Amino acid sequence: MKKILYTLLILSTTTFSAQGKRFFKSGDVQLQNPVEKINLKFANDLPFVQVSINGKSYNFLFDTGAPTVISTAVYKELGLETKHTSKVKDSQKNKQEQMFAILPEMTVDKAVFKNIGAIVMDFSVSELSCFKIDGIIGANQMAKLFWKINYSENSLEASKDLAQFNPEDYDIVIPFSPIPQKTPVVEAGLQGKKINLTFDTGFSGRLKISDKAYDSQKVLKAIEVYGTSSVGAYGAAKPAPGYIFRAAAISLGNINFSNEIIATGNTSLIGNDFFKNFIFILDWSGNKIYMKRIRNEPAKLESFGFGYRFIEAKPTVAFVFQEENFPLKVGDSIISINNVDLDHLDKDGACHYFINRVENGQDTIDVKIKRGGKEMEVKLEKKEFLGV
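Residues numbered from 1 in each chain as written. Predicted model: local features only at pLDDT ≥ 70, side-chain atom pairs only at ≥ 80, totals over all residues. Heavy atoms only, no water.

A. Broad picture of the overall build of the protein chain. The helix and strand tally for the protein chain stands at five helices and 34 strands. In terms of overall dimensions, the protein chain is globule-like: its C-alpha atoms have a radius of gyration of 21 Å, near the 21 Å expected for 388 residues. Dimensions of the protein chain, computed from C-alpha atoms along their principal axes, come out at roughly 60 × 45 × 35 Å. Across the 388 residues of the protein chain, 57% fall into the buried class. Within the protein chain, contacts between residues separated by at least 24 positions form 67% of all contacts whose residues are at least 6 apart in sequence. (Helix = DSSP H or I, 4+ residues; strand = E, 2+ residues; numbered from the N terminus. Rg over C-alpha atoms; globule rule 2.2 N^0.38 Å. Buried < 20%, exposed > 50% of the residue type's maximum accessible area, 1.4 Å probe, protein only. Contact = heavy atoms within 4.5 Å.)

This is the structure in structure tokens:
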């Protein structure tokens, strides 16, 4: 968590109908080679791959926390038929009615997927549009192969033979239980409790547990927070109190991880800020995740004490640390940071600063805000919270 805390994207979607269970079993895949090297771009703590459909290139998120998804635009371009509709719930527990369609063929480098079930979704809403996503390669599609992932080298490999990846060389083995869309759910031991965490490559953060799983009596250090720190496929959750805390230990599979930093929220997840320190293999045949550490960076939280979202191209404080006399409040409109005008942005400009935060790499910032019709300026210093 060396990165400055800001709005975290969570693109998980879940569906549990009997019809959905059957739907996500559809399709098959052909490979030309025993191991296929797949293009991967790990950017903004999210993994993206280029796919080809009918000879046209599209940008897809590689997201274990979601089923396969195509944008409404792609659905219309291909002239697909709706197989059925069903309500879908995102990671923030927001629900919407969605169409389900069968994608006849998708090529990912030399891996050819046929007749894959996909949800049709509008990616033009909220911050999702900034990543120009055309779809999601989801868990139901991934489950047809074994995958080896190394974010630090932008490396993604696929095979039909687990032995190609030498899993015996990996010292961490984490069993998982797949939910109907095939998303892996791993069991963690924390504060004397068993907690189910969604293993979610569509989550840019580190570790999050549900509010009800938090036990203030069993944490090393904690800071109280308020607001919205994450966004789902259908928007953000409502502002709520929560905590970010340092835990003495959390167990996953056959290993304990010490001094981890964990946030609370309305869902339990493990994401890319954790995964990027490992090479990992996804095995849906044995329902196991194999991991090998490649970096040993301790969990660290540095922040100016707030995070913000762009709502209709306007930056708005969405999340604050509940420090005494902290000058910003959830709902404050941000006019500028370090004299960069953020109050007169079009959609493209808002996306630019959503991805390329003005405060990145800075130790102090000057923030001008508007609250209740009045403008005020504050100087904030980046601090480390929850130090060991």
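Once the structure has been displayed, the description carries forward.
B. Structural detail: the packing of aromatic side chains. A full pass over the atoms with the stated rule returns 20 aromatic pairs. Geometrically, the ring pair formed by F306 and Y308 is stacked, given 6.0 Å between the ring centres and 25° between the ring planes. According to the relative accessible area criterion, Y308 is buried, its value standing at 1%. By the ring-pair criterion, three or more aromatic residues cluster together here, those being F42, Y151, F199, F257, F274, F275, F278 and F280. K292 extends its terminal NZ or CZ atom over the ring of Y170, reaching a point 4.5 Å from the ring centre. Over the ring of Y308 we find R357; its NZ or CZ atom is 4.2 Å from the centre of that ring. (Phe/Tyr/Trp six-rings, centres within 6.5 Å; stacked < 30°, edge-to-face > 60°. Lys NZ or Arg CZ within 6 Å of the ring centre and 35° of its normal.)

C. Structural context of the state of the cysteines. In the structure shown here, the tally under the stated rule is one disulfide. The partner cysteine of C130 in its disulfide is C351, sulfur to sulfur 2.2 Å. Given an S-S torsion of about -80°, the disulfide between C130 and C351 has left-handed geometry. Linking C130 in the loop between strand 11 (111-121) and strand 12 (135-138) with C351 in helix 5 (residues 347-355), this pair joins segments that are 221 residues apart in sequence. (Disulfide = S-S within 2.5 Å.)

D. Expanded view of the pairing of strand 12. Here strand 12 shows a buried face lined by G135 and I137 and a second buried face lined by I136 and G138. The pairing of strand 7 (residues 56-63) with strand 12 spans four bridges and is parallel. Counted as the bridge partner of F60 is G135 from strand 12. In terms of strand pairing, strand 8 (residues 69-71) meets strand 12 through two bridges, oriented antiparallel. Paired with I70 across the strands is G135, a residue of strand 12. (Pairing = 2+ DSSP bridges.)

E. Expanded view of the nonpolar core. Core analysis: the largest hydrophobic core is formed by 62 residues, its most contacted members being W147 and L197. Looking at this core element by element, the count peaks at five residues for strand 11. Discounting residues that sit within four places of it in the chain, L197 has contacts with P184, V185, V186, A188, L207, K208, I209, I250, L252, S268, L269 and I270. (Core = buried A, V, L, I, M, F, W, Y, C linked by side-chain atoms within 4.5 Å.)

F. Broad picture of the environment of K314. Structurally, K314 can be placed in strand 29 (residues 314-321). For K314, a relative accessible area of 38% puts it in the partly exposed group. Considered as a pair, K314 and L342 are 28 residues apart in the sequence and their alpha carbons are 7.2 Å apart. The contacts of K314, once residues within four sequence positions are left out, are R309 and D343. Of the polar contacts made by the side chain of K314, one reaches the backbone oxygen of D343; its length is 2.5 Å. (Polar contact = N/O pair within 3.5 Å; in protein donor to acceptor, adjacent residues only side chain to side chain.)

G. Main features of the pattern of salt bridges. Within this structure, the stated rule accounts for 15 salt bridges. Between K314 and D343 there is a salt bridge, with the nearest N and O atoms lying 3.4 Å from each other. Within this pair, whereas K314 is found in strand 29, its partner D343 is found in the loop between strand 31 (340-341) and helix 5, the two being separated by 29 residues in sequence. Residue D343 is classed as buried on the basis of its relative accessible area, which comes to 16%. (Salt bridge = Lys/Arg side-chain N within 4 Å of Asp/Glu carboxyl O.)

H. Summary view of helix 5. Turning to helix 5, its buried residues are G349, A350, C351 and F354. For helix 5, the side-chain oxygen to backbone nitrogen distance between the N-cap and D348 is 3.3 Å, and the N-cap itself is D346.

I. Region of interest: unusual backbone geometry. With phi around 50°, N166 is a residue other than glycine that occupies positive phi space. Turning to its location among the elements, N166 is positioned in the loop between strand 14 (155-159) and strand 15 (172-178). Among the residues examined, N166 registers a relative accessible area of 34% and is labelled partly exposed.

J. Up close: the pairing of strand 15. Inspection of the sheet shows strand 15 paired to strand 26 (residues 288-293) by four bridges, in the antiparallel sense. Looking at the pairing, V173 lines up with Y290 of strand 26. Hairpin geometry of strand 15 and strand 16 (residues 184-190) is characterised by an intervening segment of five residues between the two adjacent antiparallel strands and by a positive phi of about 85° at K182.

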